Amino acid sequence: MVIDLSNYELLWPAALFASEANRVASSGRRDWTTRAEWLLTEAFQGGSACSDFESLPASAPRVDDPWGQSDTPPWEQPPVVTQMSWFRELIVRSAELRTYAEPRPYWPHRKGVANPANPPHPEKARLDFVRLVMELHKSGYLVEQFGEECVDVDEELPDPAEVLKLRLGVGDLWPLRPQEWDEDTFFGLIEVFHDLVSRPRDRHFHDWDQCGWHHREFHSGPARVLYRWRMNRLLERSALHYRLADEGEDQGRLVAVTDEARADLVHRTLSAPDPDIKQRTTHAIALYRGRNSSTEEKRSAIIALAGILEERRDLIRAELGKPDDGALFMIANKFEIRHRDASQRQDYDPDFLDWIFWWYLATVELTTTLVLRQERVPAPTRPDPSESTAATNDASGQ
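Residues numbered from 1 in each chain as written. Predicted model: local features only at pLDDT ≥ 70, side-chain atom pairs only at ≥ 80, totals over all residues. Heavy atoms only, no water.

## Topic: the environment of A284
Item 1. By secondary structure assignment, the location of A284 is in helix α12 (residues 275–289).
Item 2. Spatially, the C-alpha atom of A284 lies 6.2 Å from that of A304, the residues being 20 residues apart in sequence.
Item 3. Those residues in contact with A284 that sit more than four places away from it in its chain are A301, A304, L305 and F357. (Helix = DSSP H or I, 4+ residues; strand = E, 2+ residues; numbered from the N terminus. Contact = heavy atoms within 4.5 Å.)

This is how it looks when you write it as structure tokens:
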């Protein structure tokens, strides 16, 4: 079976869809199709994927006469495509799926007759953020925190404004009114909703008095992955030079945007197998790339990395040779980073800290690679002197 993927566009990261879909397919639940339909409704643009799934039989029909009305031998007949076989192939080929993108510019925009539909502007980012939150709210991603009304249940639900006030210390934030926010409130809300969302993996329709959909089985992990992915795409289109960190001590917090190479370096460094090195490096990265990191915090981050390199100085010396290893520490020791005395140079631009931080972080990652290489290659063993003496005696006939 080969599914035609041309009509399907993902609204989710492909890896997240495959993970959640695998969970559904492997659950063994009798109601797995309901969960699959909900996932397809959420993860795909439009209704094509869900409609195609619903049109398939739940299982292959039982045929008493395998030849039936066909002249084709049974072993040459194509297998019956069921909902499960279709769903599993979609999982396997999820990396081939296109990601939904905003429509390309139309004629007036291409010809300059009208302004672009989505100009990069901070105010537009606020409106897009509100639309994202309300879309997730409609899909049940805030039910675990805000509750959900039901005609059959008479209970007082949490006040969303109070939930947000407990987190941010600012009142009257719900309903969302972006025109009233200052920058700190806006950025704070971006981070707060990252921590509030949780994905309902199941829902059921309550038709009494048109009550509507009710959601259940909430999980924060996939919801936060989706939220970061969509929020970061939104921020990329804006004039705001921040993104939500995907990993590390500051996961889900806004950090300054770096280029792709440095983002990859952070990812590799945070994958260090040594838990102590990983914890210290994670803390240094969080200190350095925070949205409002001060010069002192950046200096502290560099000092933390320099400490790791100092512990690995013998390794660095073995690889670089003496006295080249000293050049690595001269910057930290001579430019008022690790020490504060009259001999330290103070007249340098703070941007110098950017260079030294990324240099040290790359060196930490390099030394981790060298450590792992040494662990994989056993050190040469020295010959046992007694065995060497015995061999010499045998050779001499003694």
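## Focus: the environment of T34
Item 1. By the secondary structure assignment, T34 is in helix α2 (residues 32–43).
Item 2. By relative accessible area, T34 is classed as partly exposed at 37%.
Item 3. C-alpha of T34 to C-alpha of E54: the two residues are 20 residues apart in sequence and 9.8 Å apart in space.
Item 4. Discounting residues that sit within four places of it in the chain, T34 has contacts with D202 and R203. (Buried < 20%, exposed > 50% of the residue type's maximum accessible area, 1.4 Å probe, protein only.)

## A short note on the pattern of salt bridges
Item 1. What the rule picks out here adds up to 30 salt bridges.
Item 2. A salt bridge links E20 to R199, with the nearest nitrogen and oxygen atoms 2.8 Å apart. One end of the pair, E20, is in helix α1 (residues 14–25); the other, R199, is in strand β3 (residues 199–206), and 179 residues separate them in sequence. Taken individually, E20 and R199 each receive the classification buried, so the pair is uniform in this respect.
Item 3. Across the pair R29 and D31 runs a salt bridge, and its minimum N-O distance is 2.9 Å.
Item 4. Residue class for R29 comes out partly exposed when judged on its relative accessible area of 35%.
Item 5. The class for D31 is partly exposed, based on a relative accessible area of 25%.
Item 6. One salt-bridge network, in which partners are shared between bridges, spans R29, D31, R35, D202, R216 and E217. (Salt bridge = Lys/Arg side-chain N within 4 Å of Asp/Glu carboxyl O.)

## Observations regarding the packing of aromatic side chains
Item 1. Under the defined criterion, the tally for this structure stands at 21 aromatic pairs.
Item 2. On the numbers, 5.7 Å between centres and 55° between planes, the contact of W32 with F87 is tilted. Separated by 55 residues along the polypeptide, W32 in helix α2 and F87 in helix α4 (residues 83–92) bring together distant segments of the chain. A single burial state applies to W32 and to F87, both of which are buried. (Phe/Tyr/Trp six-rings, centres within 6.5 Å; stacked < 30°, edge-to-face > 60°.)

## Concerning the state of the cysteines
Here is the idea: a disulfide is a covalent bond, and it sits between the sulfur atoms of two cysteines.
Item 1. A full pass over the atoms with the stated rule returns zero disulfides.
Item 2. Here C150 stays free of any disulfide, with the sulfur of C211 as its closest cysteine sulfur at 4.1 Å. (Disulfide = S-S within 2.5 Å.)

## Quick look at unusual backbone geometry
Item 1. The residue after W174, namely P175, is reached through a cis peptide bond having omega 0°.
Item 2. Within the element layout of this structure, P175 appears in the loop between α8 (160–168) and α9 (183–196).
Item 3. Of note in this structure, D172 is not a glycine but carries a positive phi near 60°.
Item 4. With a phi angle near 55°, E217 is a residue other than glycine that sits in the positive phi range.
Item 5. Taking relative accessible area as the criterion, E217 reaches 33% and is therefore assigned partly exposed.

## Here we look at the environment of Y242
Item 1. Along the polypeptide, Y242 turns up in strand β5 (residues 242–244).
Item 2. Here Y242 falls in the partly exposed class, since its relative accessible area comes to 22%.
Item 3. With 16 residues separating them along the chain, Y242 and T258 place their C-alpha atoms 8.8 Å apart.
Item 4. Not counting chain neighbours up to four residues away, the residues in contact with Y242 comprise F187, L235, L254, V255, A256, V257 and R291.

## Quick look at the pairing of β3
Item 1. For β3, the tally of buried residues reaches six of eight residues, placing the bulk of the element in the interior.
Item 2. One ladder, built from seven bridges, connects β3 with strand β4 (residues 212–219); its direction is antiparallel. Pairing of D202 across the sheet is with R216, part of β4.
Item 3. In sequence, β3 turns back onto β4 through a hairpin of five residues, with D209 there showing a positive phi of about 55°. (Pairing = 2+ DSSP bridges.)

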